[in-house]
There are 2 protein chains.
Amino acid sequence: MRFITRDTDYALRALLFMARALRHENKKIVTVEDIVAEEKLPRVFLRRILQKLAVKGVLSSYKGKAGGFSFAMVPKKISLADVIIVYQGEIDLTNCFLQGKICPNRTRCKVRKKIKAINAKLIKELGGINIEELSG
Amino acid sequence: MRFITRDTDYALRALLFMARALRHENKKIVTVEDIVAEEKLPRVFLRRILQKLAVKGVLSSYKGKAGGFSFAMVPKKISLADVIIVYQGEIDLTNCFLQGKICPNRTRCKVRKKIKAINAKLIKELGGINIEELSG
DNA sequence: CTAAATGATACTAAGATAGTATCAATTGAA
DNA sequence: TTCAATTGATACTATCTTAGTATCATTTAG
Ligand code: FES
Ligand code: FES
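The model shown is predicted, which means the values in this text are computed figures rather than measured ones.

Calculation criteria
- Residues numbered from 1 in each chain as written.
- Chains lettered and ligands numbered in written order.
- Predicted model: local features only at pLDDT ≥ 70, side-chain atom pairs only at ≥ 80, totals over all residues.
- Heavy atoms only, no water.
- Helix = DSSP H or I, 4+ residues; strand = E, 2+ residues; numbered from the N terminus.
- Buried < 20%, exposed > 50% of the residue type's maximum accessible area, 1.4 Å probe, protein only.
- Contact = heavy atoms within 4.5 Å.
- Areas by Shrake-Rupley, 256 points an atom, 1.4 Å probe, with all protein chains shown as cover.
- Lys, Arg positive; Asp, Glu negative; His and termini not counted.
- Charge placed at Lys NZ, Arg CZ, Asp CG, Glu CD.
- Buried area = accessible area lost by both parts, 1.4 Å probe.
- Salt bridge = Lys/Arg side-chain N within 4 Å of Asp/Glu carboxyl O.
- Nonpolar A, V, L, I, M, F, W, Y, C, P; charged D, E, K, R; others polar.
- Near = heavy atom within 4 Å.
- Polar contact = N/O pair within 3.5 Å; in protein donor to acceptor, adjacent residues only side chain to side chain.
- Least-squares fit on C-alpha atoms with pLDDT ≥ 70 in both.
- Pairing = 2+ DSSP bridges.
- Core = buried A, V, L, I, M, F, W, Y, C linked by side-chain atoms within 4.5 Å.

Engineer: Break down the overall build of chain A for me, with residues and values.
Structural biologist: For chain A, the count of helices and strands is 6 helices and 2 strands. Helices (α) and strands (β) of chain A occur, in sequence order from the N terminus, as α-α-α-β-β-α-α-α. With respect to the principal axes defined by its C-alpha atoms, chain A has extents near 55 × 25 × 25 Å. For chain A, the proportion of its 136 residues judged to be buried stands at 43%. When contacts within chain A are restricted to residue pairs at least 6 apart in sequence, those whose partners lie at least 24 apart make up 62%. When the accessible surface of chain A is totalled, it reaches about 7,600 Å², and 53% of it is carbon and sulfur. Put simply, chain A has 27 plus and 13 minus side-chain charges, and the middle of one group is 9 Å from the middle of the other.

Here you go:
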């Protein structure tokens with residue numbers, strides 16, 4: 001069961017690194033190189049991952065020399081759910097094999113109904129965990 | 001987020017069909033053909049799916065003419081978690097990118113710790129839903 | 001200027017997914 | 001006894017997804 005994909009995983013490692021750098025050294029702008037040096041993640045791949053966080057408004061990016069990435073909001077405001085959604089889309093356990101198309105059975109489906117209730121709880125839990133506490 | 005895979009989805013459809021056949025017509029043994037006729041699932045693929053349920057002890061199988069599949073336990077005893085586990089393995093949201101190998105960070109990892117707690121709740125919920133009620 | 005950084009895009013190898021195709025073994029019944 | 005209906009077991013395949021690499025363009029501090 002791949003709940004957290006590699007994208008999300010790497011993003012989390014990067015964000016936790018950035019949160020620690022901010023707290024411990026008051027380092028606001030971090031480069032991909034900084035992260036790779038510490039976390040041993042694949043360079044170019046990680047760049048794309050961070051770019052996505054920037055597009056989605058979680059990070060801000062700065063080009064050019066002395067550029068890099070910084071938080072666009074305080075780490076406490078970024079939830080685990082937020083990060084997962086960036087790479088995996090909305091958290092939705094209620095997929096059936098007709099997903100995408102509208103399942104004709106969708107409204108009456110009991111499986112869906114039950115899982116939907118569980119899903120709501122899951123979202124709430126994941127929304128309640130933030131990068132600040134995870135980096136602690 | 002593919003929580004329920006196609007295998008699991010098809011298996012659920014088949015099991016719900018069997019549960020209804022049992023309740024409404026007291027039909028205990030059902031063939032792949034019966035299910036395909038009603039649920040429009042791919043024949044050979046479905047066979048393999050049901051074979052797996054038989055191997056795992058959820059269904060009993062009977063070869064030869066008048067053969068087919070029957071429940072190996074009452075539908076009420078088969079949980080959603082059971083079916084998911086057959087095709088997707090243990091329900092475990094706590095995968096990190098070092099999964100398989102033992103993550104050196106595993107014991108201190110806060111992400112893992114948090115998700116582990118959520119996972120326990122999820123398993124409990126899914127274990128509390130059974131085929132009988134879903135087929136109702 | 002230029003080196004250091006991100007932005008954007010194209011490409012690729014390996015693996016997973018969702019099947020199909022076949023034949024073997026079993027069994028109830030004509 | 002023969003045969004048709006059924007599951008058991010494997011091998012194969014096309015498509016999609018994953019996890020990257022490679023490259024060049026753009027920006028900017030010094
Ligand atoms: S069968 Fe489509 S939502 Fe349940
Ligand atoms: S980093 Fe491996 S378990 Fe969290």
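Engineer: A description of the interface of chain A and chain B should follow, citing residues and the corresponding values.
Structural biologist: The partner chain B presents 33 residues to the 33 residues of chain A that form the contact. A buried area of about 3,200 Å², summed over both sides, lies between chain A and chain B, and 67% of it is on carbon and sulfur atoms. Summed over the three residues of chain A that lose the most area to chain B, namely Met1(A), Phe97(A) and Ile118(A), the buried surface amounts to 25% of that side. The interface formed by chain A and chain B holds 4 salt bridges in total. For the salt bridge of Glu133(B) with Lys114(A), the shortest nitrogen-to-oxygen distance reads 3.3 Å. When contributions to the side of chain A that touches chain B are tallied by element, the ones reaching two or more residues are helix 1 (6-25), helix 4 (80-88), helix 5 (110-127) and helix 6 (131-134) of chain A. Here the side of chain A that touches chain B takes 9 residues from helix 5 of chain A, the largest share from any one element. In terms of residue class, the side of chain A that touches chain B is made up of 19 nonpolar, 3 polar and 11 charged.

Engineer: Give a detailed account of the protein's contact with DNA strand C, specifying residues and quantitative values.
Structural biologist: Taken together, 22 residues lie near DNA strand C, and Arg47(A), Gln51(A), Ser61(A), Arg6(B) and Arg48(B) sit nearest. Backbone sugar and phosphate groups make up 58% of those atoms of DNA strand C lying within 4 Å of the protein. Note that a phosphate oxygen of DNA strand C is positioned 2.5 Å from one of the side-chain N or O atoms of Ser61(A). Arg6(B) is positioned with one of its side-chain polar atoms (N or O) 2.9 Å from a phosphate oxygen of DNA strand C. Where the surface near DNA strand C is concerned, the elements lending two or more residues are helix 3 (43-55), strand 1 (59-62) and strand 2 (68-71) of chain A together with helix 1 (6-25) and helix 3 (43-55) of chain B. For the surface near DNA strand C, the residue count by class is 7 nonpolar, 7 polar and 8 charged.

Engineer: Please give an account of the relation of the copies chain A and chain B that cites residues and values.
Structural biologist: Once turned by 180° and shifted 0.0 Å along the axis, chain A lies on chain B with an RMSD of 0.1 Å. The transformation just described matches what one would write down for a two-fold rotation axis. When the interface residues of chain A are mapped onto chain B, 100% of them are again interface residues, pointing to one common binding face.

Engineer: Explain the pairing of strand 2 (residues 68-71) of chain B residue by residue, including any values.
Structural biologist: Side-chain direction in a regular strand flips from residue to residue, so the side chains alternate between the two faces of the sheet. Residue and element names in this part refer to chain B. As paired elements, strand 1 (residues 59-62) and strand 2 share 4 bridges and run antiparallel to each other. In the sheet register, Ser61 faces strand 2, and the bridge partner there is Phe69. Hairpin connection between strand 1 and strand 2: a loop of 5 residues separates the two successive antiparallel strands, and Gly64 in this loop has a positive phi of roughly 80°.

Engineer: Could you give an account of the nonpolar core, naming the residues involved and the relevant values?
Structural biologist: Counting residues in hydrophobic clusters, the biggest one holds 86 residues, and the most contacted among them are Leu50(A), Leu53(A), Leu126(A), Leu50(B), Leu53(B) and Leu126(B). Not counting residues within four places of it along the chain, the set of residues in contact with Leu50(A) comprises Ala14(A), Val32(A), Ile35(A), Leu59(A) and Phe69(A).

Engineer: Give a description of the pattern of salt bridges that names residues and reports values.
Structural biologist: Scanning all chains against the criterion turns up 14 salt bridges over all chains. The salt bridge partner of Asp9(A) is Arg13(A), with a shortest N-O separation of 2.4 Å. One end of the pair is Asp9(A) and the other is Arg13(A), both in helix 1 and 4 residues apart, which spans about a single turn. Judged by relative accessible area, which is 18%, Arg13(A) ranks as buried. Lys121(B) is the salt-bridge partner of Glu125(A), the closest N and O atoms lying 2.5 Å from each other. Within this pair, whereas Glu125(A) is found in helix 5, its partner Lys121(B) is found in helix 5 (residues 110-127), the two belonging to separate chains.

The values reported here are purely geometric and, on their own, carry no functional implication.
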